[in-house]
Amino acid sequence: MTQYPMLNKYPNVPQDFKNMVVNPYWGHEGGNPESPIWLVSLEWGGGLASEKPLGPCHGNKWSEPEFERWDVEKIEEQIKKSGVYRSYVWFLTELITGESAKEKDPIGLEKQYEFFCPGRYGLLINTFPISMKGRGNKNDRANQAWQNDKVVKLKEGDEPSDYVTLAEWTTIPTFNDYLEWTAEFRHKNSVFSTLRRKYAPYVIYCGGNTDWKNVELAWTDDKDSSGKLEWKPLSIPSSERKLHLDIRWLENGEDKNKTLLVIGPFYAGLGFALDKQSRGFAVAEIIRKWISEADFDTTDWLKVNKFLPSTFKK
């Protein structure tokens, strides 16, 4: 049985914050939860500021219908300004086709596959709900923002001078403790596990293996008693860095396929990210191999007839 040291250490967390953390859709980007492939990041980027504070009614913002708000034009705008979104599109294409996509135009691929749109491939979701501008070395930049930036608006009508810090609002004094508290809470309350068992994706890829312990804890619960996280070295001929993936097969109940949880390099920006050299393709290739070797039928795991647009052309 899992122990919950952070939940016990900080018992006075406000209900508004708990409402946020118990909602799996708080922190999501969008897409189709029925997709066989889910892509997970750590948290929203950009961060909070007094000009865009975290407002009241914290736990009621997102619900499942929000996943229907995406269209190709919206994704194209994200691709133009974000290397992370370009990496999402390349990586999804490589998982689906088994071919390298890095040299292809990501906007062209988006028009072709309509990723993250209703009924198409791809769901984007975050493990942690609060936006951070950046973490820094050992999360030092995020810890400073957590403790010093007054970015939480407790009630309507409050002026910026009334705002409080995330540490003051949550009663959790550091960003690192917040990560552990959130992972424990989402594990204990089966926040992501319930969502996973409902839709049973074949792959959940979590980008950001520097925080693998919290990511695994958040994406599992005590019903996931079988199996454990396995460390898998990743050999890439063109890469000087030694990389690895952490993987675990998760049960979703009778008459449902298992899910392969993969925790690996982040999508873009960092020296060891998926968009550098041929790393994304190498990761996609080994994931496809593991699925093909699974101990259950994965012949039609991509369900291309269901998720490709009717206008799809190679």
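Below: a short report on this structure. Since the model is a prediction, treat every value here as computed from it, not as a measurement. Along every chain, residues carry numbers that run from 1 in the direction the sequence is written. Reporting of local features is limited, given that this is a predicted model, to residues whose pLDDT is at least 70; pairs of side-chain atoms are given and counted only at 80 or more, and all residues count toward the totals for whole chains, interfaces and linings. Water and hydrogen atoms play no part in the side-chain values, which are based on all heavy atoms of the structure.

## As for the overall build of the protein chain
Thinking step 1. A run of H or I in DSSP counts as a helix once it spans at least four residues, and a run of E counts as a strand once it spans at least two, with each numbered from the N terminus. Within the protein chain, the regular secondary structure consists of twelve helices and nine strands.
Thinking step 2. Over its C-alpha trace the protein chain gives a radius of gyration of 19 Å, about what one expects of a compact globule, namely 20 Å for 314 residues.
Thinking step 3. Judged by the C-alpha coordinates and their principal axes, the protein chain covers about 55 × 45 × 40 Å.
Thinking step 4. Looking at the protein chain residue by residue over its 314 residues, the buried ones come to 57%.
Thinking step 5. In this analysis, two residues are considered to be in contact whenever any of their non-hydrogen atoms come within 4.5 Å of each other. In the protein chain, once contacts between residues fewer than 6 apart in sequence are set aside, the share between residues at least 24 apart is 75%.
Thinking step 6. Per-residue and other accessible areas follow the Shrake-Rupley method at a 1.4 Å probe size, with only the shown protein chains counted as cover for residues. Surface exposure of the protein chain reaches about 14,700 Å², of which carbon and sulfur atoms provide 48%.
Thinking step 7. For the protein chain, the separation between the mean place of its 42 positive charges and that of its 45 negative charges on side chains is 2 Å. Radius of gyration: C-alpha atoms only; globule rule: 2.2 Å multiplied by the number of residues to the exponent 0.38. Think of it in three bands: residues with accessible area under 20% of the maximum for their type are buried, residues over 50% are exposed, and the middle band is partly exposed, with areas taken using a 1.4 Å probe on protein chains only. Charged-residue counts in this description rest on Lys and Arg as positive and Asp and Glu as negative, His and the chain ends being excluded. By convention, charge coordinates are those of NZ in Lys, CZ in Arg, CG in Asp, or CD in Glu.

## Observations concerning helix H6 (residues 140-148)
Thinking step 1. Looking only at H6, the buried set comprises Ala142, Asn143 and Trp146. The arc that holds the buried residues of H6, viewed along the axis, is 100 degrees, so those residues lie on one side.
Thinking step 2. Those residues of H6 that are buried are in contact with strand S5 (164-165), helix H7 (166-170) and helix H8 (175-188). By construction, the arc corresponds to the directions joining the helix axis to the C-beta atoms.

## Quick word on the sheet that holds strand S6 (residues 203-207)
Thinking step 1. Any two strands with at least two DSSP bridges between them are considered paired. A sheet is described by the order of its strands in space; here seven strands give the open sequence S1-S3-S2-S6-S9-S8-S7, paired in mixed fashion. With one partner strand each, in any of the chains shown, strand S1 (30-31) and strand S7 (230-234) form the two edges of the open sheet.
Thinking step 2. Bridging between strand S2 (residues 37-41) and S6 involves four bridges; their strand directions are parallel. Each residue of the ladder has a partner; that of Ile37, found in S6, is Val203.

## Some details on the pattern of salt bridges
Thinking step 1. Any Lys or Arg side-chain nitrogen found within 4 Å of a carboxyl oxygen on Asp or Glu counts as a salt bridge. For the structure on display, the rule yields 19 salt bridges.
Thinking step 2. The closest approach of N and O atoms between Asp177 and Lys9, which form a salt bridge, is 3.9 Å. With Asp177 in helix H8 and Lys9 in helix H1 (residues 5-9), this pair connects stretches of sequence that are 168 residues apart.
Thinking step 3. For Asp177, a relative accessible area of 12% puts it in the buried group.
Thinking step 4. Close ionic contact of Lys258 with Glu251 constitutes a salt bridge, the shortest N to O distance being 3.8 Å.
Thinking step 5. Connected via shared salt-bridge partners are Arg196, Arg197, Asp221 and Asp224.

## Considerations on the pairing of S2
Thinking step 1. Where burial is concerned, most of S2 is hidden: five out of the five residues are buried.
Thinking step 2. With four bridges connecting them, S2 and strand S3 (residues 123-126) associate as parallel partners. Each bridged residue has a counterpart across the sheet, and for Val40 the counterpart in S3 is Ile125.

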